[in-house]
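Next come the chains, spelled out residue by residue.
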Amino acid sequence: MTEPMFDVVVVGAGPAGSAAALAAARAGRSVALLERGPHPGSKNVYGGVVYGRVLDELVPGWWEDMPVQRWVTRRSTMVMTEEQAVTVDVRSQAWGRPPYNGATALRADLDAWLAGLAEEAGAVLVTSTVATGLLRDARGAVTGVRTDRPDGDLTARVVIACDGVNSFLAKEAGLFSGRDTARHTSLGVKETLALPREVIEERFALRGRDGLDLEILGCTRGIPGGGFLYTNLDSLSVGVVVGLKGLADSGVRPEELLAGLKAHPAVEPLVRGAELKEYSAHLLPEGGHDTMPELVGDGILVAGDAAAMCLAAGVWLEGVNFALGAGMYAGRAAAAAVGRGDTSRKGLAPYRRMLEDSFVLADHRKLRRVPGLVFSERTQRRYPGLLCDLAEGFFQVDNPRPKPGLGRLLRRTASAHGVRLRHLMSDALTGWRSFG
Ligand SMILES: Cc1cc2nc3c(=O)[nH]c(=O)nc-3n(C[C@H](O)[C@H](O)[C@H](O)COP(=O)(O)OP(=O)(O)OC[C@H]3O[C@@H](n4cnc5c(N)ncnc54)[C@H](O)[C@@H]3O)c2cc1C
């Protein structure tokens, strides 16, 4: 039998793929990292916030080198109706010091930095090359990938599919059998808006490299989803993420939702005068834990968005940290399996156990009910109005009428929005069980 060209071929130089290639190369394996774009990050879109602590193990002191725009020292959640907004605003200066909490970063910079680390560790980065399918042996085990290059196929002991949402490789390997991925996919649209640095700092009450991460619920006309606004050094990232099915059923165009968000009275003053630099759109998995594929096959592992490891439930947008974590464990598991000479499904099974023992699957399991709760009709169509009316009623002074008690106000507002208190309690309990 001829020797494979590489121990490990990783498909996709996004965060998952670069972390996988870095971990496998660090463990002494020969690694090829395949990317369809002309350079890492060229095909990728995200909102803009990375929670970097996952890198503590893989890249100690990562904050010294990571291409950061701003350190997130303000995390806010806004719930809105057409004319109202209620915001919870959390600020901590400790988040602006090592080891930091989150950062805004541009995807082209971030992906290039991560892939560069993999290359420094010895991985071979192959760009402008599309993996078009899987190579298999007579038993059906994966033995490499076909590519669109004339000099063609790349053979390997293990393939790690990090090819993002809608992973064709995971599907071809049969790891998604019976799962309807389209039903659990969202579309994100985003604008990058240029604004002078000092205007951003004044407008958002930020100092130096401090940054804001603002997530928004109630800005999608009842279509399951949410919005975001993040501050970069001298630009803003503003976008909406909505479920594909709800979007198709509504007949609304995503750019209309984004225009509506930018025109909202609570948002318009924040983006006023900013100049459009870039418009982009990308799909993302939204279903969480219960929509993940099998993660291990004979000769193949799946990580990141390719395995639906993304929390994209309305006010939540975390995928890069899960992709980095899963990629790191996939790289380590592949390297160890190669070392043991067993890259069968059984030999690669420790990958699943590593994920179970880490935040990657622990967080997804804990929050498995959150997508259902956040995308429910009540959360999307009724709760924003209910919450805003409740807050407005509480803070409104109606003298000479005496102030209503909070209990009465809640009953009255819930009834006006067609929400039964027992449903409100049950949703609150589901939320408490997830976060508690
Ligand atoms: C609008 C939007 C906003 C988001 N905001 C955030 C946020 O603020 N914070 C956050 O943490 N997450 C966010 N996410 C989610 C985050 O972007 C993803 O979870 C994350 O990028 C997943 O990383 P990945 O490496 O698994 O996949 P990707 O980043 O999608 O990388 C996949 C890579 O594979 C390459 N590829 C695909 N197919 C092939 C092939 N056949 N051959 C070769 N190469 C291939 C692609 O070009 C790409 O480089 C957002 C997503 C969207 C769409």
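Residues numbered from 1 in each chain as written. Predicted model: local features only at pLDDT ≥ 70, side-chain atom pairs only at ≥ 80, totals over all residues.

Some words on the overall build of the chain
Item 1. Summing up its helical and strand segments, the chain has 15 helices and 17 strands in all.
Item 2. Relative to a compact globule of 436 residues, whose C-alpha radius of gyration would be 22 Å, the chain shows 23 Å and is just as compact.
Item 3. Dimensions of the chain, computed from the C-alpha atoms along their principal axes, are close to 90 × 45 × 40 Å.
Item 4. The proportion of buried residues among the 436 residues of the chain is 48%.
Item 5. In the chain, the share of contacts with a sequence separation of at least 24, taken over all contacts with a separation of at least 6, comes to 72%. (Helix = DSSP H or I, 4+ residues; strand = E, 2+ residues; numbered from the N terminus. Rg over C-alpha atoms; globule rule 2.2 N^0.38 Å. Buried ≥ 20, exposed ≤ 12 C-beta atoms within 10 Å, placed from the backbone. Contact = placed C-beta atoms within 7 Å.)

Section: the packing of helix H1 (residues 15–26) against helix H2 (residues 107–120)
Item 1. As a packed pair, H1 and H2 sit with axes 8 Å apart at the nearest point and diverge in direction by 20°. As summarised for this structure, H1 and H2 are arranged roughly parallel, according to the angle between their axes. Here the hand of the crossing between H1 and H2 comes out left-handed. Across the interface between the two elements, Pro15, Ser18, Ala19, Ala21, Leu22 and Ala25 of H1 pack against Asp111, Leu114, Ala115, Leu117 and Ala118 of H2.
Item 2. Its residues assigned to classes, the contact of H1 with H2 comprises nine nonpolar, one polar and one charged. (Axes fitted to C-alpha atoms, helices over the stretch in contact; angles between N-to-C directions. Parallel < 35°, antiparallel > 145°, perpendicular 65-115°, else oblique. Left-handed = near helix turned anticlockwise from the far one by under 90°. Nonpolar A, V, L, I, M, F, W, Y, C, P; charged D, E, K, R; others polar.)

Considerations on the site of the ligand
Item 1. Neighbouring the ligand are 40 residues, the closest being Gly12, Gly14, Gly188, Gly304 and Gly319.
Item 2. Counting residues per element, the ones that place at least two in the shell around the ligand are H1, strand E3 (49–50), strand E11 (185–194), strand E14 (235–243), strand E15 (275–285) and helix H8 (320–340).
Item 3. In the shell around the ligand, the residues fall into 19 nonpolar, 14 polar and seven charged. (Near = placed C-beta within 6 Å.)

Comments concerning the pairing of strand E8 (residues 131–136)
Item 1. Bridge analysis of E8 against strand E9 (residues 142–147) gives five bridges, and the strand direction is antiparallel. Along E9, the bridge assignment pairs Arg136 with Val142.
Item 2. Here E8 folds back onto E9 in antiparallel fashion, the turn holding five residues, of which Gly140 has a positive phi close to 95°. (Pairing = 2+ DSSP bridges.)

What about the nonpolar core?
Item 1. Residues Ile160, Leu301, Ala303 and Ala334 are the most contacted members of the largest nonpolar core, which totals 124 residues.
Item 2. Examining the composition of this core, we find that 13 residues originate from one element, H8, more than from any other.
Item 3. Apart from the residues within four sequence positions on either side, Ala303 is in contact with Ala16, Ala20, Ile160, Cys162, Ala323, Ala326, Gly327 and Ala330. (Core = buried A, V, L, I, M, F, W, Y, C linked by C-beta atoms within 7 Å.)

Description of the pairing of E9
Item 1. For E9, the buried fraction is high: five of the six residues fall into the buried class.
Item 2. For E9 and strand E10 (residues 154–161), the ladder comprises two bridges, and the chain directions are antiparallel. Its bridge partner lying in E10, Gly144 is registered against Thr155.
Item 3. Between the end of E9 and the start of E10, which pair antiparallel, lie six residues, with Gly152 showing a positive phi angle near 70°.

Observations regarding the domain arrangement of the chain
Item 1. According to the domain assignment, the chain contains domain 1 (6–69 + 105–179 + 293–357), domain 2 (184–285) and domain 3 (372–435).
Item 2. Residue-level contacts link 17 residues of domain 1 with 23 residues of domain 2.
Item 3. Class assignment for the residues of the side of domain 1 that touches domain 2 results in 10 nonpolar, six polar and one charged. (Domains from an automatic or database assignment.)

Points about helix H13 (residues 377–395)
Item 1. Taking 1.5 Å of rise per residue, the 19 residues of H13 would be expected to cover 27 Å, and the 27 Å separating its terminal C-alpha atoms lies within 8% of that figure.
Item 2. By the burial criterion, the buried members of H13 are Thr379, Gln380, Tyr383, Pro384, Gly385, Leu386, Cys388 and Asp389.
Item 3. Looking at the packing, one finds that the buried side of H13 touches strand E4 (70–80), strand E5 (85–91), strand E12 (210–217), helix H12 (370–374) and helix H14 (406–416). (Expected span 1.5 Å × (residues − 1).)

Quick notes on H2
Item 1. Along its 14 residues, H2 runs 20 Å from first to last C-alpha, staying within 8% of the 20 Å computed at 1.5 Å per residue.
Item 2. Of the positions making up H2, those classed as buried are Arg107, Leu110, Asp111, Leu114, Ala115, Leu117 and Ala118. Buried residues of H2, seen end-on, are gathered within an arc of 150° and therefore sit on one face of the element.
Item 3. Summarising the contacts, the buried residues of H2 are in contact with H1, strand E2 (31–34), E3 and strand E7 (124–126).
Item 4. Positive phi appears at Gly122, one or two residues downstream of H2, with a value of about 115°. (Arc of directions from axis to C-beta.)

Some remarks on the packing of H1 against H8
Item 1. With their axes 7 Å apart at the nearest point, H1 and H8 run at an angle of 30° to one another. Taken together, H1 and H8 sit at an angle that is classed as roughly parallel. In this structure, H1 crosses over H8, and the sense of that crossing is right-handed. Facing Pro15, Ala16, Gly17, Ser18, Ala19, Ala20, Ala21, Leu22, Ala23 and Ala24 of H1, the residues of H8 in contact are Val320, Ala323, Leu324, Ala326, Gly327, Met328, Ala330, Gly331, Arg332, Ala334 and Ala335.
Item 2. Classifying every residue of the contact of H1 with H8 gives 16 nonpolar, four polar and one charged.

Some words on unusual backbone geometry
Note: most residues except glycine have negative phi, and most peptide bonds are trans.
Item 1. The omega torsion of the bond from Pro98 to Pro99 falls at 5°, within 30 degrees of zero and hence cis.
Item 2. Of note, Pro99 is situated in the loop between E5 and strand E6 (103–104).
Item 3. Across the junction of Asn399 and Pro400, the peptide omega takes the value 15°, indicating a cis bond.
Item 4. Residues other than glycine seldom take positive phi values, yet Tyr100 does so here, at roughly 65°.
Item 5. Topologically, Tyr100 is positioned in the loop between E5 and E6.
Item 6. Not every positive phi belongs to a glycine, and Ser128 is a case in point at roughly 50°.
Item 7. Tracing the backbone through its elements, the reader meets Ser128 in the loop between E7 and E8.
Item 8. A tally of 13 C-beta atoms within 10 Å means that Ser128 is categorised as partly exposed.

With respect to the environment of Ala21
Item 1. Within the secondary structure, Ala21 is located in helix H1.
Item 2. Given 35 C-beta atoms within 10 Å, Ala21 falls into the buried group.
Item 3. Sequence separation between Ala21 and Ala131 is 110 residues, and the spatial gap between their C-alpha atoms is 16 Å.

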